[in-house]
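# Summary of the model geometry
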Amino acid sequence: MTTTETIVETRPAPFTWAQSAQYSQGAKAGDLVFTSGQAGYDDAGTLVEGGFEAQARQVFRNIETILTQHGATLASVVKLTAYLGHRDDFDTFKMVRAEFFTAPYPAVTAVQNDFLVDGMLFEADAVAVSGAQRVLADTP
């Protein structure tokens, strides 16, 4: 079986280092859609103000924009990986995540990460299935 991979930039990458880092915001392989790690940058490339909560909301909006370009939605996300700059932000992460994701929820991994760019408090990436939606399956 041959799969064609299409990589699409949904808008110019907001990070100054993006070009040298060989950075693409999203890729689609078959029905799977993968996002690169997204941070709380707006379309102009400015890190949003308002702390962790504001950055988390922007991250999820950025992920949603990329997914939409590939025929997916937040409802079709099957895996979410979250990178928090501070462990103390975990409860806020869960609160904001609940604004964007509904049950049944995607599989989630959240880790503390000190490798974030200066000023970044949160980063996340997602895997989704284009044209699909999470549903709760009955178990035997």
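This text gives an overview of the structure that appears in the document. Per chain, residues are indexed from 1 in the order of the written sequence. For this predicted model, a pLDDT threshold of at least 70 governs which residues receive local features, and a threshold of 80 or more governs which side-chain atom pairs are given and counted, while totals over whole chains, interfaces and linings are taken from all residues. The basis for every side-chain value is the complete set of non-hydrogen atoms in the structure, without hydrogens or water.

### Section: the overall build of the chain
Each helix is a run of DSSP H or I of at least 4 residues and each strand a run of E of at least 2, with the numbering of both proceeding from the N terminus. Tallying secondary structure elements over the chain gives two helices and seven strands in all. Traced from its N-terminal end to its C-terminal end, the chain shows the element sequence β-β-β-β-α-β-α-β-β. Burial analysis of the chain (140 residues in total) assigns 41% to the buried set. Taking the contacts inside the chain whose residues are at least 6 apart along the sequence as the reference set, 73% of them involve residues at least 24 apart. Computed by Shrake-Rupley with a 1.4 Å probe, the accessible areas treat only the displayed protein chains as cover when residues are assessed. Per element, the accessible surface of the chain, about 8000 Å² overall, is 51% carbon and sulfur. We call a residue buried when its accessible area falls under 20% of the maximum for its residue type, exposed when it is over 50%, and partly exposed in between, using a 1.4 Å probe and counting protein chains only. Working rule for contacts: check all heavy atoms of both residues, and any pair within 4.5 Å makes them a contact.

### Looking at the nonpolar core
The definition of a nonpolar core used throughout is a set of buried Ala, Val, Leu, Ile, Met, Phe, Trp, Tyr and Cys residues joined through side-chain atoms within 4.5 Å. Of all hydrophobic cores here, the largest spans 21 residues; its most connected members are F60, I63, L67 and F122. Going through the elements one at a time, α1 (51–69), β5 (77–84), α2 (90–100) and β7 (122–129) are the ones with two or more residues in this core. In this view, I63 contacts T35, Q38, L74, L80, A124, D125 and A126; residues no more than four positions away in its chain are not counted.

### Structural notes on the packing of aromatic side chains
Any pair of Phe, Tyr and Trp rings, taking the six-membered ring for Trp, is counted once the centres come within 6.5 Å. Such a pair is stacked with planes under 30 degrees apart, edge-to-face with planes over 60 apart, and tilted for the rest. Summed over all chains, the structure comprises six aromatic pairs. Three or more aromatic residues joined by ring pairs make a cluster, and in this case those are F52, F60, F90, F93, F100, F101 and F122.

### Section: the pattern of salt bridges
Any carboxyl oxygen of Asp or Glu within 4 Å of a side-chain nitrogen of Lys or Arg constitutes a salt bridge here. With the rule as written, the count across this model stands at three salt bridges. Among the ionic pairs, E99 bridges to R57, the shortest N-O distance being 2.7 Å. In this pair, E99 sits in helix α2 while R57 sits in helix α1, placing the two residues 42 residues apart along the sequence. Taken together, the salt bridges that share partners define one network made up of E53, R57 and E99.

### Points about unusual backbone geometry
In this chain, A103 is followed by P104 through a cis amide linkage whose omega measures -5°. Its location among the elements puts P104 in the loop between α2 and β6 (107–112).

### Looking at α1
Multiplying 1.5 Å by the residue count of a helix minus one yields the expected span of that helix. Here α1 is 19 residues long and its end C-alpha atoms lie 28 Å apart, about the 27 Å a rise of 1.5 Å per residue gives. For α1, the full list of buried residues reads F52, A54, Q55, A56, Q58, V59, F60, N62, I63, I66 and L67. For α1, the elements touching its buried residues are β2 (26–29), β3 (32–35), β4 (38–39), β5, α2 and β7. One or two positions beyond α1, positive phi appears at G71, with a value near 75°.

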